[in-house]
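Descriptive structure summary
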Amino acid sequence: MSQIRSRGNRSTEKRLRACFVCRGIKGWTVQAKDVLGKPDFIFPSVRLAIFVDGCFWHGCPQCARPPHSNKKYWHEKVIRNRIRDRKVSTSLRRSGWHVVRVWEHEVQRSSELIVGRVLHVLRIVFAKSAANSKSKGKIKRSVVSYTTSLSHNLPVAAEPKRHYGTKRRNPR
């Protein structure tokens, strides 16, 4: 077991990455190795870390099923993973990071809701930074307004979808 190295949940990460690109959300990085806990996605400019926890490895209360063999080992393994997750989240928050943890099944079933949660956190972070800045509410030029059904029109690190790609006029 110690020889098996995780390479991330690629299908889940690809789905969330595609949602970020489709919605025009910019400023994120994948698999940041220099941040504690190696988050799946980070927004370094606002210090936001996003972890996509696998349902099996982190013991999702909704859909994780314990294996039939070596039950004691796997139960302890999941408990160790949860304890490590709490320590990493606490350490990151103490050092000024915002942490969002989502379950793998949430991304698979409703990735748009996860994107909405991320946008909501980004809005909160930008609102706080605008309130605390000396420029009295002026925010960087790269931050534009983006509206979702979840909240009001507030500054977010995203651009409207219409700026990305163009439709083909003569489909082949």
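Placed above this text is the structure.
To keep things clear, this report deals only with the structure shown in the data block. All figures in this text were calculated on a predicted structure; none of them were measured in a lab.

**Side note on unusual backbone geometry**
- We note that Q31 has phi near 50°; this positive angle belongs to a residue other than glycine.
- Relative to the helices and strands, Q31 is located in the loop between β1 (29-30) and β2 (41-43).
- Not every positive phi belongs to a glycine, and R47 is a case in point at roughly 55°.
- R47 gets classed as partly exposed once you look at its relative accessible area, which sits at 33%.

**Some remarks on the packing of helix α1 (residues 10-23) against helix α4 (residues 104-132)**
- Where α1 meets α4, the axes come as close as 10 Å, and the angle between the chain directions of the two elements is 35°. The interaxial crossing formed by α1 with α4 has right-handed handedness. For the pair α1 and α4, the contacting residues are T12, R15, L16, C19, F20 and R23 in the first and E104, V107, Q108, S111, E112, I114, V115, V118 and L119 in the second.
- Split into classes, the residues belonging to the contact of α1 with α4 amount to eight nonpolar, three polar and four charged.

Cut-offs applied
- Residues numbered from 1 in each chain as written.
- Predicted model: local features only at pLDDT ≥ 70, side-chain atom pairs only at ≥ 80, totals over all residues.
- Heavy atoms only, no water.
- Helix = DSSP H or I, 4+ residues; strand = E, 2+ residues; numbered from the N terminus.
- Buried < 20%, exposed > 50% of the residue type's maximum accessible area, 1.4 Å probe, protein only.
- Axes fitted to C-alpha atoms, helices over the stretch in contact; angles between N-to-C directions.
- Left-handed = near helix turned anticlockwise from the far one by under 90°.
- Contact = heavy atoms within 4.5 Å.
- Nonpolar A, V, L, I, M, F, W, Y, C, P; charged D, E, K, R; others polar.

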